[in-house]
Amino acid sequence: MEFAFKNAHVYKNQRVTFNPEYTCQLDIQGGVAISSFLKDLLSSSVSEYGIFPGFCDVHVHLREPGFSYKETIKTGTLASARGGYTDVLSMPNLNPVPHNEENMNIQRDIIKRDAVIGVHPFASLTVDEKGEELSEIEKLAPISIGYSDDGRGVQSESLMRSAMEKAKSLNKIISAHCEDNSLLNGGYIHKGEYALKNNHAGICSESEWGPIKRDIKLAKETGCKYHVCHISTKESVEIIRQAKKDGVDITCETAPHYLVLNDMMLQDDGRFKMNPPIRSEEDRQALIEGILDGTIDMLATDHAPHSFEEKSKGLKGSLMGITGIETAFSIVYTKLIKTGILPLELVIKMLTDNPRNRFGIKDNDSLTIWNLSDEYKIDSNEFLSMGKATPFQNESVFGKCLMTVYGGKIVWQTK
């Protein structure tokens with residue numbers, strides 16, 4: 001069916017064009033009811049549309065199997081669809097940990113049964129993510145998107161070298177959570193001005209950039225495809241920038257919260273606690289510069305839901321991780337795109353083409369349609385995710401997802 005949109009920002013062939021009148025063919029399952037919904041949508045008071053391919057998030061925690069009291073594959077993928085995402089890469093800190101075929105297939109069966117979008121699971125890099133023994137890397141290659149011990153840094157250089165050599169031989173990617181445990185010293189937020197003023201134990205920046213520097217050397221020597229999770233420090237940006245100049249096969253991601261918050265915006269509330277932590281204003285600015293010059297390739301959410309009890313113990317006692325996949329685009333659009341700090345075209349590329357190209361994920365004719373002119377307040381009580389902890393509670397933002405299409409089916413539509 002053919003539909004006409006007025007004032008539409010359309011991303012196609014890696015470019016965003018503004019079309020006062022945009023007509024497109026939408027072949028969506030659903031017949032008369034869907035046609036009626038779209039016609040009502042187009043006759044509404046929307047003054048500015050965004051029409052984009054479905055987003056791809058390379059870093060989410062769906063918590064199932066093992067922790068379904070925090071999130072399930074069903075609720076997590078519904079939340080993802082509401083945020084405009086049609087493909088997500090799920091992390092392996094589960095129970096059982098997917099370090100062998102048997103454990104991985106437990107997760108894959110749930111995905112097949114319950115997921116409403118594409119879910120591409122990581123296998124763990126080491127057995128039970130303990131960093132002592134490599135997982136069944138060869139056997140897991142056909143059924144995993146790559147390998148990661150996310151949530152834990154691999155402390156052993158020799159083990160990481162062995163992992164990279166095996167991943168290289170299989171043409172698979174390692175996605176690394178970079179954290180040096182010997183430098184943590186009981187810290188739980190950034191070791192900066194806020195921590196000093198409020199007597200909190202801090203996490204130094206070197207705990208992140210030190211392992212990145214080590215792994216880049218190994219990636220250069222082995223030729224392994226290497227991806228760095230959730231970078232947060234200015235040193236990480238500079239080290240990765242130089243590695244790219246040196247020809248290392250490296251990509252990296254950061255998350256919306258690192259781009260719009262600094263440590264002086266923290267509150268003693270679990271919804272401001274994540275790993276790595278919110279860093280300084282200088283770090284935040286360096287991340288933005290890293291996006292603009294192409295050092296940072298992707299925006300990922302590190303969507304990490306927890307229960308209310310686990311996030312209600314302040315900065316010191318709460319677990320690490322926030323819920324973010326339903327608000328990611330709206331936050332970035334409001335605070336960085338509308339303000340002229342980042343171009344819309346670049347952000348959409350970081351949400352679509354870059355992650356898909358790096359991890360080899362097709363878009364399955366996916367689509368997400370946004371009302372860019374709609375302003376609303378974020379209310380975590382309305383989240384489809386079971387996780388409600390967000391540092392952006394009650395923030396006014398622009399951009400509401402009207403519809404998300406995956407595989408010809410509408411997987412989210414606004415009411």
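Residues numbered from 1 in each chain as written. Predicted model: local features only at pLDDT ≥ 70, side-chain atom pairs only at ≥ 80, totals over all residues. Heavy atoms only, no water.

**Details of the nonpolar core**
Next up, step 1: Membership of the largest hydrophobic core comes to 90 residues, with the highest contact counts inside it found for Ile 174, Tyr 226, Val 228, Ile 231 and Phe 329.
Next up, step 2: The leading source of residues in this core is helix α12 (residues 328-337), at seven residues.
Next up, step 3: Among the nonpolar cores identified, the runner-up in size contains 16 residues, and Cys 24, Val 46, Tyr 49 and Val 405 belong to it. (Core = buried A, V, L, I, M, F, W, Y, C linked by side-chain atoms within 4.5 Å. Buried < 20%, exposed > 50% of the residue type's maximum accessible area, 1.4 Å probe, protein only. Helix = DSSP H or I, 4+ residues; strand = E, 2+ residues; numbered from the N terminus.)

**As for unusual backbone geometry**
Next up, step 1: That bond from Asn 95 to Pro 96 is cis: its omega, 5°, falls within 30 degrees of zero.
Next up, step 2: Structurally, Pro 96 is set in the loop between β5 (85-90) and α3 (101-114).
Next up, step 3: Cis geometry is found at the peptide bond from Asn 275 to Pro 276, where omega equals 0°.
Next up, step 4: Here Pro 276 shows up in the loop between α9 (256-260) and α10 (281-292).
Next up, step 5: Non-glycine residue Asn 7 carries a positive phi angle of around 55°.
Next up, step 6: With respect to the helices and strands, the residue Asn 7 is situated in strand β1 (residues 2-12).
Next up, step 7: Its identity as a non-glycine residue notwithstanding, Asn 199 has a phi of 60°, on the positive side.
Next up, step 8: Assignment of secondary structure puts Asn 199 in the loop between α6 (193-197) and β11 (202-203).
Next up, step 9: Take Asn 199: its relative accessible area is 71%, and that puts it in the exposed class.

**A closer look at the sheet that holds strand β2 (residues 15-25)**
Next up, step 1: The strand order across the open sheet built from six strands is β2-β1-β3-β15-β16-β17, with neighbouring strands paired in mixed fashion. Only two strands of the sheet have a single partner each, and these edge strands are β2 and β17 (409-413). Across the sheet, the axes of successive neighbouring strands diverge by a mean angle of 35°, strand direction being ignored.
Next up, step 2: Alignment of strand β3 (residues 49-52) against strand β15 (residues 367-377), held across four bridges, turns out to be antiparallel. In the strand pairing of β15, Gly 50 is matched with Trp 370. (Pairing = 2+ DSSP bridges. Axes fitted to C-alpha atoms, helices over the stretch in contact; angles between N-to-C directions.)

**Considering the packing of aromatic side chains**
Aromatic ring pairs are described here by two measures, namely the spacing of the ring centres and the angle between the planes.
Next up, step 1: Scanning the model with the defined rule gives nine aromatic pairs in all.
Next up, step 2: Seen in terms of ring centroids, Phe 55 and Tyr 85 are 5.4 Å apart; in terms of plane orientation they differ by 75°. Their pairing is edge-to-face. With Phe 55 in strand β4 (residues 55-60) and Tyr 85 in strand β5, this pair connects stretches of sequence that are 30 residues apart.
Next up, step 3: By relative accessible area, which is 1% here, Tyr 85 ends up buried.
Next up, step 4: Ring geometry for Phe 55 and Trp 370: centres 6.1 Å apart, planes at 25°, overall stacked. Placement of Phe 55 in strand β4 and of Trp 370 in strand β15 is noted, with a sequence separation of 315 residues between them. With respect to class, Phe 55 is no different from Trp 370; both count as buried.
Next up, step 5: In this structure an aromatic cluster arises from ring pairing among Phe 52, Phe 55, Tyr 85, Phe 329, Tyr 333 and Trp 370.
Next up, step 6: A cation over an aromatic ring shows up here: Lys 400 above the ring of Tyr 376, its NZ or CZ 4.8 Å from the ring centre. (Phe/Tyr/Trp six-rings, centres within 6.5 Å; stacked < 30°, edge-to-face > 60°. Lys NZ or Arg CZ within 6 Å of the ring centre and 35° of its normal.)

**Regarding the pattern of salt bridges**
Next up, step 1: Considering all chains together, one arrives at 18 salt bridges under this definition.
Next up, step 2: Residue Lys 70 is joined to Glu 310 by a salt bridge in which the shortest nitrogen-to-oxygen separation is 2.8 Å. Taken as a pair, Lys 70 in the loop between β4 and α2 (73-82) and Glu 310 in the loop between β14 (298-299) and α11 (314-317) lie far apart in primary sequence, 240 residues in all.
Next up, step 3: Judged by relative accessible area, Lys 70 falls into the buried class, the value being 6%.
Next up, step 4: Exposure remark for Glu 310: the relative accessible area of 15% places this residue in the buried category.
Next up, step 5: Here Asp 249 makes a salt bridge to Arg 358, at a shortest N to O gap of 2.7 Å. Of this pair, Asp 249 sits in the loop between α8 (234-245) and β13 (250-254) while Arg 358 sits in helix α14 (residues 353-359), and the two are 109 residues apart along the sequence.
Next up, step 6: What makes Asp 249 partly exposed here is its relative accessible area of 33%. (Salt bridge = Lys/Arg side-chain N within 4 Å of Asp/Glu carboxyl O.)

**Considering the sheet that holds β4**
Next up, step 1: Judged by pairing direction, the sheet is parallel, and its three strands sit side by side in the order β4-β5-β6 without closing on themselves. Both edges of this open sheet fall to β4 and β6 (118-121), since each of them pairs with a single strand only. On average, each strand axis in the sheet is inclined to that of its neighbour by 20°, with strand direction left out of account.
Next up, step 2: The sheet strands contacting α3 are β5 and β6, and the helix crosses β6 at an angle near 175°. (Contact = heavy atoms within 4.5 Å.)

**Some details on the state of the cysteines**
Next up, step 1: Counting across every chain of the model gives zero disulfides.
Next up, step 2: Free of any disulfide, Cys 178 has its nearest neighbouring cysteine sulfur in Cys 229, separated by 7.4 Å.
Next up, step 3: Take Cys 204: it sits in no disulfide, and the sulfur closest to it among the cysteines is that of Cys 178, at 14 Å. (Disulfide = S-S within 2.5 Å.)

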